[in-house]
Each structure stands twice: as structure tokens, then as C-alpha cells.
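Report on the structure
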Amino acid sequence: MADEAELETGANGAPEAQPTTPGAKLRAAREAQGLSIQDVATRTRIAVRQLEAVERDDYAALPGIPYAVGFARAYARAVDLDEVTIAAEVRHGVHASDLGANRYETFEPVDPARVPPRRLAWVVAVIVDLLIAGYTLWRTQLLTPPTGEEIAQEEAAPAAARPAGAAPVAPAAQPVVFTAIDDVWLRIVDETGERLKDGTLKKGESFTLPEGAKGPTILTGRPQALSVTVGGKPIAPLGAADRTIADVPVSAEALLARGTTAPAAAVPPAATPAARPAQRRPAPVGTPTLESPVPAAAPTAPTTPAPSAGQAGSAG
């Protein structure tokens with residue numbers, strides 16, 4: 001009896017075997033915390049069957065090496081174990097197994113619970129294919145030379161876009177002259193930003209645009225104070241009175257496209273006042289004047305001629 005009691009005491013006092021594999025360590029930590037395998041699955045968002053495979057060190061039942069290591073790291077975090085040590089042990093165990101020899105992979109996801117779903121991968125693949133197809137189509141159209149019909153349409157488009165009655169584009173050799181009707185500030189620059197004219201143009205002064213100026217534009221606050229001519233032809237006003245204009249093209253072609261103005265109609269001479277009648281002196285009474293008709297004489301009664309002296313004696 002004493003021997004049996006001694007044997008039982010020795011059996012109960014023997015230390016329990018410490019887990020040596022990473023799966024056994026994880027299972028022991030879970031049981032020590034009183035957690036079920038479902039509790040760990042809820043914490044890590046990993047399927048129960050995959051967690052059970054990790055506990056059994058059955059790496060062949062897992063999708064691959066990255067998932068085996070990732071699942072073990074997540075499991076270790078859930079039960080408060082050193083995830084780096086567990087991951088290293090799992091990696092060593094995988095490489096020593098048949099899975100490491102046949103299915104070696106270099107990629108390891110940080111957290112398998114965050115691996116994008118397969119549906120998202122398909123969507124990304126479709127988007128990439130569409131982008132590649134669109135780029136290929138664009139390159140094909142860019143490198144394809146235009147047909148004769150397309151060239152003819154492009155050449156006919158500017159003529160069709162020109163409004164009826166618009167002046168044809170004149171060669172750029174025609175001089176463009178700006179004349180100040182009144183003192184006016186202006187700035188003319190070309191397409192490179194170089195200032196061709198910047199300052200005040202006094203009344204009566206003129207500025208001729210340099211030949212060969214490319215894309216010149218004007219900025220001024222009083223367009224009505226400028227008279228613009230191209231080859232001597234007056235151009236329509238550049239803008240409304242006292243309204244600032246900016247970036248208005250002033251090349252010969254652009255100005256002629258605005259249209260020319262008709263020369264000012266000749267002002268008829270002012271009607272001279274009617275000549276005042278010359279004052280005439282009063283004519284003597286009874287003298288008819290040339291301006292007034294001679295008044296008709298009033299009829300008089302017939303008179304008897306006076307008797308001569310002889311006749312008078314005979315009568316006596």
C-alpha cells in the first residue's frame with residue numbers, strides 16, 4: 001500500500017510536458033485563458049477549420065505558406081503570445097515540411113484577415129484590362145494617318161466657319177497702325193510675353209506693329225481712344241467705350257476678321273443764310289421804283305380846253 005501511494009505521489013508530482021510546437025503553444029495559451037476556438041475565430045476573423053489546422057501544425061491544410069504564417073501571427077496576438085516568435089517557428093516548421101518543398105512562396109501578408117476578397121481582385125483586373133484596351137485604341141488612332149476625305153473636311157471647315165461677308169484673311173505683311181485719338185495707355189505683347197508697346201500714346205501719336213510679331217494682343221482701358229488701320233483700312237472698334245479689353249488679338253489677320261468700317265460719309269456743307277435784301281434809299285415821292293410796280297393812274301373826268309383869247313372876245 002505504501003508503495004502504491006508513493007507511486008501515485010510520484011505520478012502526480014511529475015511536471016507536465018511543455019508544448020514544443022507553435023500549434024501546441026497556441027492551443028495551450030487559448031485554454032489557459034479559457035477561450036474556445038470560436039472565440040479566437042471571432043477575434044481574428046479566421047475560419048475555425050483554419051485555426052484548428054494551425055493548432056495541429058497541419059500546414060498542408062492551409063492555402064499556402066503566407067497564410068500559415070499570417071494565421072499563426074493573428075492567433076498569437078489574440079492569445080497574448082509573442083507573434084514574432086510564433087511566426088518564426090511556423091515558418092521554420094513549414095520549410096521543413098513537404099509544403100515548404102513543393103509550395104514555396106516569398107510573399108507574406110501582414111494580416112490574412114485583411115487580404116482583399118477574390119471579387120475585388122477580379123474587379124481590379126477588369127479595370128486594368130479596360131485601361132490597357134483604351135490606351136491601345138488611342139495609340140492606334142494617333143498613329144493612323146488621316147484619309148483624304150478627312151483632310152478635305154478639315155480644309156473646308158475654316159471656309160464654312162467664316163461668316164458671310166467677312167473680309168478674307170489678308171497677308172500679315174500689311175502694316176498694323178495704332179493712332180491715338182486721345183491720350184491713351186496701352187500694352188501690346190506677343191505670344192512669348194515680350195512687350196512690344198507699353199506706355200501712354202499721346203494724342204496724334206502712332207505706333208506700328210513690328211513685322212513678324214507672333215500672336216500680338218492688346219490691353220487697354222479706353223479702346224475708343226484708338227484708331228486702328230491695317231494696310232490703311234480702318235478697323236472696327238476693338239471694344240466698347242471705357243471698357244477694359246485684355247488679350248484681344250491685334251494681328252493683321254485677326255483685325256481684318258473683325259471687319260473694316262466704311263469711310264465716314266461726307267458732311268454736306270451747311271446751308272448759307274439767305275442774302276438779306278439790300279437796303280434801299282427812299283425814292284422821291286411819285287417816282288416808281290424798280291422793286292415795286294407803278295401804281296395804275298386813277299381815271300379822271302374829261303376837261304374842256306380853255307378858250308383862247310380870240311374866242312373869249314367873240315363870246316363877249
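**With respect to the overall build of the chain**
When helices and strands are counted, the chain shows 11 helices and 8 strands. Counting across all 316 residues of the chain, residues that qualify as buried make up 24%. Sequence separation of 24 or more characterises 61% of the internal contacts of the chain that already satisfy a separation of 6 or more. Counting every atom, the chain has about 22400 Å² of accessible surface; 58% of that belongs to carbon and sulfur.

**Here we look at unusual backbone geometry**
A negative phi holds for most residues other than glycine; trans holds for most peptide bonds. Its identity is not glycine, yet Arg45 carries a phi of approximately 60°, on the positive side. Looking at the element boundaries, Arg45 is found in the loop between α3 (37–44) and α4 (48–55). Take Arg45: its relative accessible area is 62%, and that puts it in the exposed class. Of note, the phi angle at Asp57 is positive, near 60°, even though the residue is not glycine. Looking at the element boundaries, Asp57 is found in the loop between α4 and α5 (65–78). Given a relative accessible area of 22%, Asp57 falls into the partly exposed group.

**Focus: a nonpolar patch on the surface**
On the surface, a nonpolar cluster with roughly 610 Å² of combined accessible area is contributed by Leu120, Val123, Val124, Ile127, Val128, Leu131 and Ile132. Locating Leu120 in the fold gives a position in helix α8 (residues 118–143). By relative accessible area, Leu120 is classed as partly exposed at 43%.

**Quick look at the confidence of the model for the chain**
For the chain, the mean per-residue pLDDT works out to 75, and 61% of the residues sit at or above 70. Summarising per-element confidence for the chain, the mean pLDDT is lowest in helix α11 (residues 309–315) (46) and highest in strand β1 (residues 176–180) (94). Contacts of residues 103–110 to residues separated by more than four positions or lying in other chains number 18 contacts, the stretch itself having pLDDT below 50. Counting contacts from residues 264–272, a segment whose pLDDT is below 50, to residues more than four positions away or on other chains yields 0 contacts.

**Considerations on helix α2 (residues 22–32)**
Every α-helical turn comprises 3.6 residues, leaving residues that sit three or four positions apart pointing alike. Inspection of α2 places Pro22, Gly23, Ala24, Leu26, Ala29 and Arg30 among the buried residues, and these make up the whole buried set. Those residues of α2 that are buried are in contact with α3, α4, α5 and α6 (83–96). Downstream of α2 by one or two residues, Gly34 has phi in the positive range, about 70°.

**Structural notes on the environment of Thr21**
By the secondary structure assignment, Thr21 is in the loop between α1 (2–13) and α2. Along the backbone, Thr21 and Val90 are 69 residues apart, and their C-alpha atoms lie at a distance of 8.4 Å.

**As for the packing of aromatic side chains**
Summed over all chains, the structure comprises 3 aromatic pairs. Between Tyr67 and Phe71 the ring centres are 6.0 Å apart and the planes differ by 55°, which places this aromatic pair in the tilted class. Here Phe71 and Tyr67 lie together in helix α5, a separation of 4 residues that amounts to about one turn. When its relative accessible area of 28% is taken as the criterion, Tyr67 is described as partly exposed.

**A few points about the sheet that holds strand β5 (residues 217–220)**
Adjacent strands of a sheet pair through backbone hydrogen bonds, lying either parallel or antiparallel. In spatial order, the strands read β3-β2-β5-β8; together these 4 strands make up an open sheet with antiparallel pairing. Of all the strands in the sheet, the pair left with one neighbour each is β3 (195–201) and β8 (245–249). Direction aside, the axes of adjacent strands within the sheet are offset by 15° on average. Direction of pairing for strand β2 (residues 184–189) relative to β3: antiparallel, over a ladder of 6 bridges. Within the sheet, the bridge partner assigned to Leu186 lies in β3 and is Gly199.

**Digging into the packing of α2 against α6**
Running from N to C, α2 and α6 point in directions that differ by 145°, and their axes come no closer than 9 Å. The segment α2 lies against α6, with Pro22, Lys25 and Leu26 engaging Ile86, Glu89 and Val90. Residue composition of the contact of α2 with α6, grouped by class: 4 nonpolar, no polar and 2 charged.

About the cut-offs
- Residues numbered from 1 in each chain as written.
- Predicted model: local features only at pLDDT ≥ 70, side-chain atom pairs only at ≥ 80, totals over all residues.
- Heavy atoms only, no water.
- Helix = DSSP H or I, 4+ residues; strand = E, 2+ residues; numbered from the N terminus.
- Buried < 20%, exposed > 50% of the residue type's maximum accessible area, 1.4 Å probe, protein only.
- Contact = heavy atoms within 4.5 Å.
- Areas by Shrake-Rupley, 256 points an atom, 1.4 Å probe, with all protein chains shown as cover.
- Patch = residues over 30% accessible without salt bridge, like charges linked within 9 Å, V, L, I, M, F, W, Y side chains within 5 Å.
- Salt bridge = Lys/Arg side-chain N within 4 Å of Asp/Glu carboxyl O.
- pLDDT = per-residue confidence, 0-100.
- Phe/Tyr/Trp six-rings, centres within 6.5 Å; stacked < 30°, edge-to-face > 60°.
- Pairing = 2+ DSSP bridges.
- Axes fitted to C-alpha atoms, helices over the stretch in contact; angles between N-to-C directions.
- Nonpolar A, V, L, I, M, F, W, Y, C, P; charged D, E, K, R; others polar.

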